[in-house]
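These are the residues of each chain, in order.
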Amino acid sequence: MMIFYYFCSMKKLLILSAIVLVLCACMEEKTKPVHITGLHFDTLVVDTNDVLLGDTISPICSVSISLQIARGKGAEAINHTILNSDILPPGYVETSNKALTPEQYLDSFVCHYIDQYKRDYTPLYLDDKENASSYDTSFTLTTSTQSACEGIIAYEADIDFFGGGTHHTQQTIVLNINAKTGKVLTLDDIFRHGYEQKLQQELLKKLCKKFSVANAAGLASKQVLVDGHIYIPDSFILFKKKIQFIYNPAEIAPYDMGEIRLDIDKSALKGLIQDTF
């Protein structure tokens, strides 16, 4: 997925008048709210459209973002981690050598995104006006938080990008954030050395069970894991008694099968997980 950014000129600040910025408490129904003393999450909401040019058939760029940010104890470190992750990639937002608040960062991101859209798509559209709708684009980001494991914030981002073609690009990114340090936990932090082979075996077992087949060959017959090799995905959620691994659409199966989530009980990985987890 490609995300476009560009430095926002002063006139582009007018775009921000169309942005609705709302702060609301984090109460996602599908997750368990974060219960960490002195810390809570609010949501910054952006919902805006901008036309490519001023004509009546002009393509449209749509941006819809629901970004949860931390408030209270340890919030600065946590928000720094969120804003400098792949959810909203850093390095494209002009900081002017000073720290931006999450609100300023988000405003800057949206401005850059729309500005770059216009730069990239205007010449294409001018050469192909009869296919105006082909140059409509959209970027949607929805985030949620939960306390899946004590002291760890599971920060989930669901991203949907459309820039033409037959379908949208969808991606889930999960950050398992240490509430005390604000740092993201990796699998290498959670597991002892040499865990990979056993974990891959367990993932393969779960995948076979999910599709009611006996082995990798059976999966391949259903167009799942066609090369026969399963890898450990980057996105996972650390729960108290299990770890949930997330494969994005088209990663290991056809796009129309959607996202695939596999739960591995920690008991199945006994001896491989660090004592602190």
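Residue indices begin from 1 for each chain and proceed along its sequence in written order. Residues qualify for local features only when their pLDDT is at least 70, as the model is predicted, and side-chain atom pairs are given and counted only at 80 or more; totals for whole chains, interfaces and linings, by contrast, use all residues. Neither water nor hydrogens contribute to the side-chain values; these are computed over all heavy atoms in the structure.

Can you lay out the nonpolar core for me, pointing to particular residues and giving the numbers?
Of all hydrophobic cores here, the largest spans 41 residues; its most connected members are Phe41, Ile65, Leu67, Ile87, Leu88, Phe139 and Leu141. A run of H or I in DSSP counts as a helix once it spans at least four residues, and a run of E counts as a strand once it spans at least two, with each numbered from the N terminus. Secondary structure elements with two or more residues in this core: strand S2 (39-51), strand S3 (60-72), helix H1 (75-83), helix H2 (102-126), strand S4 (137-149), strand S5 (152-162) and strand S6 (169-178). With 9 residues, the top contributor of residues to this core is H2. Among the buried residues, those of types Ala, Val, Leu, Ile, Met, Phe, Trp, Tyr and Cys that are joined through side-chain atoms within 4.5 Å form a nonpolar core. For the exposure calls, accessible area comes from a 1.4 Å probe over protein chains only, and a residue counts as buried if that area is under 20% of its type's maximum, exposed if over 50%, partly exposed in between. One finds Cys149, Cys208, Val213 and Ile264 within the second-largest nonpolar core, a separate group that totals 31 residues.

Could you give an account of the pattern of salt bridges, naming the residues involved and the relevant values?
Opposite charge on two side chains allows them to pair when their charged atoms are near. Between Lys or Arg on one side and Asp or Glu on the other, a salt bridge is scored when a side-chain nitrogen of the former is within 4 Å of a carboxyl oxygen of the latter. Evaluation of the coordinates by the stated rule reveals 11 salt bridges. Lys129 is paired through a salt bridge with Asp55; the nearest N and O atoms lie 3.4 Å apart. Here Lys129 is found in the loop between H2 and S4, whereas its partner Asp55 is found in the loop between S2 and S3, with 74 residues between them in sequence. Among the residues examined, Lys129 registers a relative accessible area of 36% and is labelled partly exposed. With its nearest N and O atoms 3.5 Å apart, the salt bridge here joins Glu202 to Lys205. Taken as a pair, Glu202 and Lys205 lie in helix H4 (residues 196-210) at a separation of 3 residues, close to a single helical turn. The class of Lys205 is exposed, set by a relative accessible area of 52%. Through salt bridges with shared partners, a single network forms among Asp42, Arg71 and Glu103.

Lay out the confidence of the model for the protein chain in plain terms, naming residues and giving numbers.
pLDDT expresses, on a scale from 0 to 100, how confident the predictor is about each individual residue. In the predicted model, the protein chain carries a mean pLDDT of 86, and the fraction of residues at 70 or more is 85%. Contacts are residue-level and defined by heavy atoms, with any inter-residue pair within 4.5 Å sufficient. Below a pLDDT of 50 lies the segment residues 1-30, which in the model reaches 71 contacts outside its immediate sequence neighbourhood of four places, other chains included.

Which residues make up the environment of Cys208, and what are the values?
Mapped onto the secondary structure, Cys208 falls in helix H4. According to the relative accessible area criterion, Cys208 is buried, its value standing at 5%. Along the sequence, Cys208 and Leu219 sit 11 residues apart, while their C-alpha atoms lie 6.6 Å from each other. Ignoring anything within four residues of it in the chain, the contact list for Cys208 reads Val213, Ala214, Asn215, Ala216 and Leu219.

Could you give an account of H4, naming the residues involved and the relevant values?
The length a helix should cover is 1.5 Å for every residue beyond the first. With 15 residues, H4 ought to run about 21 Å at 1.5 Å a step, and its terminal C-alpha atoms sit 21 Å apart, in line with that. Of the positions making up H4, those classed as buried are Leu199, Glu202, Leu203, Leu207 and Cys208. Buried residues along H4 sit in contact with helix H5 (216-221), strand S8 (242-247) and strand S9 (260-265). Just past H4, the residue Ser212 takes up positive phi, approximately 55°.

A description of the sheet that holds S8 should follow, citing residues and the corresponding values.
Whether parallel or antiparallel, the strands of a sheet pair through hydrogen bonds between backbone atoms. When DSSP finds at least two bridges between two strands, those strands are taken to pair. Strand order across the open sheet formed by 3 strands is S7-S8-S9, with antiparallel pairing between neighbours. A single partner strand is all that each edge strand has here, and the edge strands are strand S7 (235-238) and S9. Across this sheet, the average inter-strand angle for adjacent strands is 20°, counted without regard to direction. As paired elements, S7 and S8 share 4 bridges and run antiparallel to each other. The partner of Ile237 across the bridge, within S8, is Gln244. Across the face of the sheet, H4 comes into contact with S8 and S9 while running at roughly 125° to S9. Axes here mean lines fitted to C-alpha atoms, for a helix over just the part in contact, with angles spanning 0 to 180 degrees between N-to-C directions.

Lay out the packing of aromatic side chains with the relevant residues and their values.
Only Phe, Tyr and Trp rings are paired, with Trp represented by its six-membered ring, and only when their centres lie within 6.5 Å; those with planes under 30 degrees apart are stacked, over 60 edge-to-face, the remainder tilted. The final tally for this structure, using the stated rule, is 8 aromatic pairs. Judged by centre distance (6.2 Å) and plane angle (35°), the ring pair of Phe236 and Phe245 falls under tilted. Note on Phe245: relative accessible area 0%, which makes it buried. Each residue in the set Phe109, Tyr113 and Phe139 is aromatic and connected to the rest through ring pairs, giving one cluster. By the criterion adopted, a ring carries a charge over it if an Arg CZ or a Lys NZ lies within 6 Å of its centre and within 35 degrees of its normal. Sitting above the plane of the Phe239 ring, Lys242 keeps its charged end 5.0 Å from the centroid.

Any details on the pairing of S3? Residues and values, ideally.
Pairing between S2 and S3: 13 bridges, direction antiparallel. Opposite Val45, over in S3, you have Ser66 as the bridge partner. Summarising the sheet, S3 and S4 pair through 6 bridges and their orientation is parallel. Note that in S4 the partner of Ile65 across the bridge is Leu141.

Outline the environment of Val34, supporting the account with residue identities and numerical values.
For Val34, the position within the fold is in the loop between strand S1 (23-25) and S2. Val34 sits in the buried class, given a relative accessible area of 14%. Linking Val34 and Ala154, residues 120 residues apart in sequence, is a C-alpha distance of 8.8 Å. Each residue touching Val34, except ones within four places of it in the same chain, is listed here: Phe41, Thr145, Gln146, Ser147 and Ile153.

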